[in-house]
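Below, each chain spelled out in residue letters.
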Protein chains: 2
Amino acid sequence: MSRQMHLGLFLLGTGSHVAGWRMPGAIDSFQDIDAMIRVAQIAERGLLDMIFMGDNLYGDPAAHPSYTVRFEPLTLLSALAMHTRHIGLGATVSTTYSDPFTTARAFASLDHISKGRAAWNAVTGSSPQAAPNFGRLHPNHAERYAIAGEFVDVVKGLWDGWADDAIEADRATGRYIDPAKVRSLDHEGTHFSVKGPLNIGRAPQGHPVILQAGGSEPGQALAARTADVVFSVVQDLAEAKAQYEALKARLPALGRRPEEVTVLPGVMPVVGRTSEEAFAKLAQLMGFVDATNALALLSDRFGTDMSAYDLDGPVPDLPIPDTYHSFARVMLNKARREGMRLRDAYNLMAAARGHWVLCGSAEEVADTLEEWFRGGAADGFNIMPSHLAEGLEDFVELVVPILQRRGLFRTAYAGTTLRENLGLARPPRREA
Amino acid sequence: MSRQMHLGLFLLGTGSHVAGWRMPGAIDSFQDIDAMIRVAQIAERGLLDMIFMGDNLYGDPAAHPSYTVRFEPLTLLSALAMHTRHIGLGATVSTTYSDPFTTARAFASLDHISKGRAAWNAVTGSSPQAAPNFGRLHPNHAERYAIAGEFVDVVKGLWDGWADDAIEADRATGRYIDPAKVRSLDHEGTHFSVKGPLNIGRAPQGHPVILQAGGSEPGQALAARTADVVFSVVQDLAEAKAQYEALKARLPALGRRPEEVTVLPGVMPVVGRTSEEAFAKLAQLMGFVDATNALALLSDRFGTDMSAYDLDGPVPDLPIPDTYHSFARVMLNKARREGMRLRDAYNLMAAARGHWVLCGSAEEVADTLEEWFRGGAADGFNIMPSHLAEGLEDFVELVVPILQRRGLFRTAYAGTTLRENLGLARPPRREA
Ligand SMILES: Cc1cc2nc3c(=O)[nH]c(=O)nc-3n(C[C@H](O)[C@H](O)[C@H](O)COP(=O)(O)O)c2cc1C
Ligand SMILES: Cc1cc2nc3c(=O)[nH]c(=O)nc-3n(C[C@H](O)[C@H](O)[C@H](O)COP(=O)(O)O)c2cc1C
């Protein structure tokens, strides 16, 4: 079988378009469990590899309307596990504001509950607004990645505390656990001191899948060393290809093969039966965008206070900030290439929060995804519907069948765990 | 309608009897999601008020065999919410090793997911073994309760950050949130500094139900001030009555009515069609108990190193420790009253980990529960099946119908939320 795409559904709010909830008939609440079940079932009907929940650790009523209020990802995904059978379930949990024992335990629990479908998006957390909710100061970029590296190692170490067959539960002898098959971790590091073992047996996947979404140099280094799947930000094929190659090129020196890391750029497809229908839909979506918070959103994404700038002036020459590295880099490069005004940059940010917007007929969308996939820029894509459930349904009903006909996407789930569906090996338990 | 009992199902391991998993046909894994779904559905068939998950934050392969490996409670209960419609879902989360923002958020999330059935058992955590998993030292008893008091206040404050109607999601105007209906908490206390607001809207129950399980003086003070339901440890009617009255007597000075706190002693019913059948079952259970770890378990429960004592000698005169106050007090009192040997104390500990064992025919069990309930020692009970699912099925099929015939227990769920079923008011949002 030739190489096939992997597809994730990225969920953050009622859709990735900032005002998508205003579309007629769109889901307008991100804390409506019945709506989330419906969405998960559509994604599974489309045979997608996984649902990938973004997250943030603060509630700002002035920004990001439709994703300010939301479920906590692990509780939501546990619930969705009960309404799906195959699709992977990825939750974002910050390495800056969580602790490794609880995090390792919760993902092992989700992996048991879902019978091997859990994934952890280990983010350092780009939003300083989280810090005061935890009585903390937001560490700087380098420090966040130093913490993250140690955090991920501790979590993986904890996941290896119990052997797969440590639990005997032998009614005859009364022996429940073979103590020789359990070990503590006894980690004493710079940022964490964690004894272990966990209070949950080894996960069905051995290790839940590790997702990573940082695009900076330390972000890429962490991904290359620890991640199974990388969620990237793209706007341009040549740039995406260079990024993809740079990441894969890091792997051999780390003893990993290129296939061991799956790179999925984020994309917001706006799909119509015809190109005109798609562009009309995008125009309708953009008609709901309100420029009131434009400079605030740009300030957040660019990491620079933009309040003094004119929306109708050019995008200025800004330094790449240490907050949203990939978003700022990719967007500033695009602005330079295309000579954008700030208003254009804002509109693009509002459309998909800085991710790639791909608008066209189902055939055109499939063509472009195929071009990127075959062209060495992606191993698949993180689909970011503009609004729900329509944006997802359009993709599942119109684009997926084309990809399937072209042999580019599965026609049935191959495995029972997320690792199997991603074509990733189950990690053996590391020796002590 | 006359006053009726409330009944919880306490779940910690494959049953409350330390070797219950060895019974023929018993569930022998506490990390088996299908088994847990079955148990939850039996409890709901029995119209129980709630499932109450105990928890611990360390894995000790040498102790407590059947509950060393387990699900993380919030992920498990979110999954169970999808297979039940009425029963409450209570999770233990420690105030010593968690943070208030994450805890408030997770329970609000479970409350949304379950449509108003979440409860939080706020424990200070009696096990010092947890500390090294979090790079911490275990605070002493007084300090743990000082932290717990502030923690619970912060969580309740966060739950009141959003008004019930703060989310407008008005497609026409584009206004999603009414900012006047959201406020931060700006808590700056001794142990926590938490800004808020949460990133989830107000919970269906206003506040998820607060459970509490500490029996010491500061434990009772915290319960009286903040809890909706108290889980108590009992061995003797007169002592339980005195405890019950003492707790209720604290309430008026705190501006609360006695009915606002529901007291549920833990009880392990061993039920037969006849008394003989019940005692035969208990004997069978006790036959599986292995005295190897007897002195270790007693050391843990009594908070004193017992390794130098003789299992066949008398229970010595021990001080009440600052670890498991209620267990030690209730058990040491019982030992004194009955002139127990250490082996007897161990057997009772092994039977239900220090909780009350009530063995008899279904009529006898119902009689005793009625006597305690009418006698002013309880508002209902936390049922702790010796093993699963049989121990629970016996109670639901044999005892519940008797309680119903006597008008002592519901014949249908009255409300849709846990608060409604417990007869507790929905807390209004506190003014800023
Ligand atoms: C595609 C993408 C998705 C992200 N999703 C989240 C998220 O859901 N929650 C979060 O706190 N941070 C998220 N981040 C932030 C990153 O984890 C990271 O903290 C930030 O981008 C800085 O890392 P970098 O400089 O390596 O890109 C995301 C970043 C990218 C690029
Ligand atoms: C009935 C009962 C159940 C308890 N369940 C738990 C539990 O599941 N997890 C936990 O960490 N502590 C649990 N505890 C411990 C208490 O929360 C508390 O930390 C300890 O008992 C000391 O408090 P006290 O001295 O007020 O009793 C329980 C205590 C009691 C009495």
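Model, not experiment: these values are computed from the prediction.

Draft legend 1. Summary view of the overall build of chain A. In terms of regular secondary structure, chain A is built from 14 helices and 11 strands. Against the globule reference of 22 Å for 432 residues, chain A gives a C-alpha radius of gyration of 21 Å, in line with a compact fold. Projected onto the principal axes, the alpha-carbon positions of chain A cover approximately 75 × 50 × 45 Å. Counting all 432 residues of chain A, 64% fall into the buried class. For chain A, contacts bridging at least 24 residues in sequence account for 77% of all contacts bridging at least 6. Within the structure as shown, chain A displays about 14,700 Å² of accessible surface, and the carbon and sulfur contribution to it stands at 52%. One finds the centroid of the 42 positive side-chain charges in chain A at a distance of 4 Å from the centroid of its 51 negative side-chain charges.

Draft legend 2. Looking closely at the side chain of Asn421(A). Residues and elements named next belong to chain A. Locating Asn-421 in the fold gives a position in helix 14 (residues 418-422). A distance of 2.9 Å separates the side chain of Asn-421 from the backbone nitrogen of Gly-415, its partner in a polar contact. In contact with Asn-421, other than residues within four places in its own chain, are His-6, Asp-49, His-86, Arg-410, Tyr-413, Ala-414 and Gly-415.

Draft legend 3. Structural view of the relation of the copies chain B and chain A. At an RMSD of 0.0 Å, chain B and chain A line up after a rotation of 180° and a shift of 0.0 Å along the axis. Given the turn and translation reported, the copies of this chain are related as if by a two-fold rotation axis. No C-alpha of chain B approaches the rotation axis more nearly than that of Ala79(B), which lies at 2.3 Å. The fraction of interface residues of chain B whose copies in chain A are also interface residues reaches 100%, indicating that both copies meet through the same surface.

Draft legend 4. Quick peek at the UniProt feature "binding site: FMN" (unreviewed entry) in chain A. On the UniProt side, "binding site: FMN" (unreviewed entry) is annotated at positions that read Asp55(A), Thr92(A), His141(A), Tyr145(A) and Ser216(A) here. Mapping Asp55(A) onto the fold places it in the loop between strand 2 (50-53) and helix 2 (65-68). Under the relative-accessibility criterion, Asp55(A) is labelled buried at 15%. For Asp55(A), the residues in contact, after removing those within four places along its chain, are Leu12(A), Arg70(A), Pro73(A), Thr92(A) and Arg105(B). Among the polar contacts listed, one links the side chain of Asp55(A) to the side chain of Arg105(B), at a separation of 2.6 Å. Note on placement: Ser216(A) falls in the loop between strand 7 (209-212) and helix 6 (217-226). If sequence neighbours within four positions are ignored, Ser216(A) has contacts with His141(A), Tyr145(A) and His325(A).

Draft legend 5. Just the environment of Phe101(B), in detail. For Phe101(B), the position within the fold is in helix 4 (residues 100-113). Given a relative accessible area of 0%, Phe101(B) falls into the buried group. Placed 94 residues apart in sequence, Phe101(B) and Lys195(B) show a C-alpha to C-alpha distance of 9.0 Å. When near neighbours in sequence (up to four residues on either side) are disregarded, Phe101(B) contacts Leu57(A), Tyr58(A), Asn133(A), Phe134(A), Leu158(B), Val194(B), Pro197(B), Leu198(B) and Asn199(B).

Draft legend 6. Representation of the site of ligand 1 in the model. Residue and element names in this part refer to chain A. Near ligand 1, the surroundings consist of 22 residues, among which Asp-55, His-141, Tyr-145, Ala-213 and Ser-216 are the closest. Gly-125 places a polar main-chain atom, nitrogen or oxygen, 3.2 Å from an oxygen atom of ligand 1. At 2.9 Å from an oxygen atom of ligand 1 is found a main-chain nitrogen or oxygen belonging to Gly-215. Counting residues per element, the shell around ligand 1 draws most heavily on helix 10 (residues 325-338), at three residues.

Draft legend 7. Molecular detail of the interface of chain B and chain A. The partner chain A presents 68 residues to the 68 residues of chain B that form the contact. Of the roughly 5,400 Å² buried where chain B meets chain A, counting both sides, 59% is carbon and sulfur surface. Broken down residue by residue, the surface that chain B buries against chain A is led by Arg105(B), Arg171(B) and Tyr176(B), which jointly contribute 14%. Applying the counting criterion to the chain B and chain A interface returns six salt bridges. As a salt-bridge pair, Arg171(B) and Asp28(A) come within 3.8 Å of each other at their nearest N and O atoms. Here chain B and chain A share 34 residue pairs in polar contact (both at pLDDT 80 or more) between them. Of all the secondary-structure elements, those providing two or more residues to the side of chain B that touches chain A are helix 1 (33-45), helix 2 (65-68), helix 3 (73-81), helix 4 and strand 6 (193-194) of chain B. Sort the elements by how many residues they give to the side of chain B that touches chain A and helix 4 of chain B lands first, with seven residues.

Draft legend 8. Spatial organisation of unusual backbone geometry. For the bond running from Gly196(A) to Pro197(A), omega is -5°, close enough to zero to count as cis. Along the chain, the position of Pro197(A) falls in the loop between strand 6 (193-194) and strand 7.

Draft legend 9. Inspection of the packing of aromatic side chains at higher detail. All names here are of chain A. The final tally for this structure, using the stated rule, is 24 aromatic pairs over all chains. With 4.8 Å between their ring centres and 55° between their planes, Phe-10 and Phe-231 make a pair best called tilted. Here Phe-10, found in strand 1 (residues 6-11), pairs with Phe-231, found in strand 8 (residues 229-232); they are 221 residues apart in sequence, far enough to count as distant. The pair formed by Phe-10 and Phe-231 is uniform in burial state, with each residue classed as buried.

Draft legend 10. Here's a closer look at the site of ligand 2. Residues and elements named next belong to chain B. Not every one of the 22 residues close to ligand 2 is listed here, only the nearest: Asp-55, His-141, Tyr-145, Ala-213 and Ser-216. At a separation of 2.6 Å, an oxygen atom of ligand 2 approaches a polar side-chain atom of Tyr-145. Gly-215 places a polar main-chain atom, nitrogen or oxygen, 2.9 Å from an oxygen atom of ligand 2. Within the complex, 95% of the 600 Å² of free accessible area of ligand 2 lies under protein. Listing elements by their share of the shell around ligand 2, those giving two or more residues are helix 5 (141-159) and helix 10 (325-338). If you tally residues by element for the shell around ligand 2, the top one is helix 10, at three residues. Considered class by class, the residues forming the shell around ligand 2 number six nonpolar, 15 polar and one charged.

Conventions used here
- Residues numbered from 1 in each chain as written.
- Chains lettered and ligands numbered in written order.
- Predicted model: local features only at pLDDT ≥ 70, side-chain atom pairs only at ≥ 80, totals over all residues.
- Heavy atoms only, no water.
- Helix = DSSP H or I, 4+ residues; strand = E, 2+ residues; numbered from the N terminus.
- Rg over C-alpha atoms; globule rule 2.2 N^0.38 Å.
- Buried < 20%, exposed > 50% of the residue type's maximum accessible area, 1.4 Å probe, protein only.
- Contact = heavy atoms within 4.5 Å.
- Areas by Shrake-Rupley, 256 points an atom, 1.4 Å probe, with all protein chains shown as cover.
- Lys, Arg positive; Asp, Glu negative; His and termini not counted.
- Charge placed at Lys NZ, Arg CZ, Asp CG, Glu CD.
- Polar contact = N/O pair within 3.5 Å; in protein donor to acceptor, adjacent residues only side chain to side chain.
- Least-squares fit on C-alpha atoms with pLDDT ≥ 70 in both.
- UniProt positions renumbered as here; feature names shortened; annotations may be inferred.
- Near = heavy atom within 4 Å.
- Buried area = accessible area lost by both parts, 1.4 Å probe.
- Salt bridge = Lys/Arg side-chain N within 4 Å of Asp/Glu carboxyl O.
- Phe/Tyr/Trp six-rings, centres within 6.5 Å; stacked < 30°, edge-to-face > 60°.
- Nonpolar A, V, L, I, M, F, W, Y, C, P; charged D, E, K, R; others polar.

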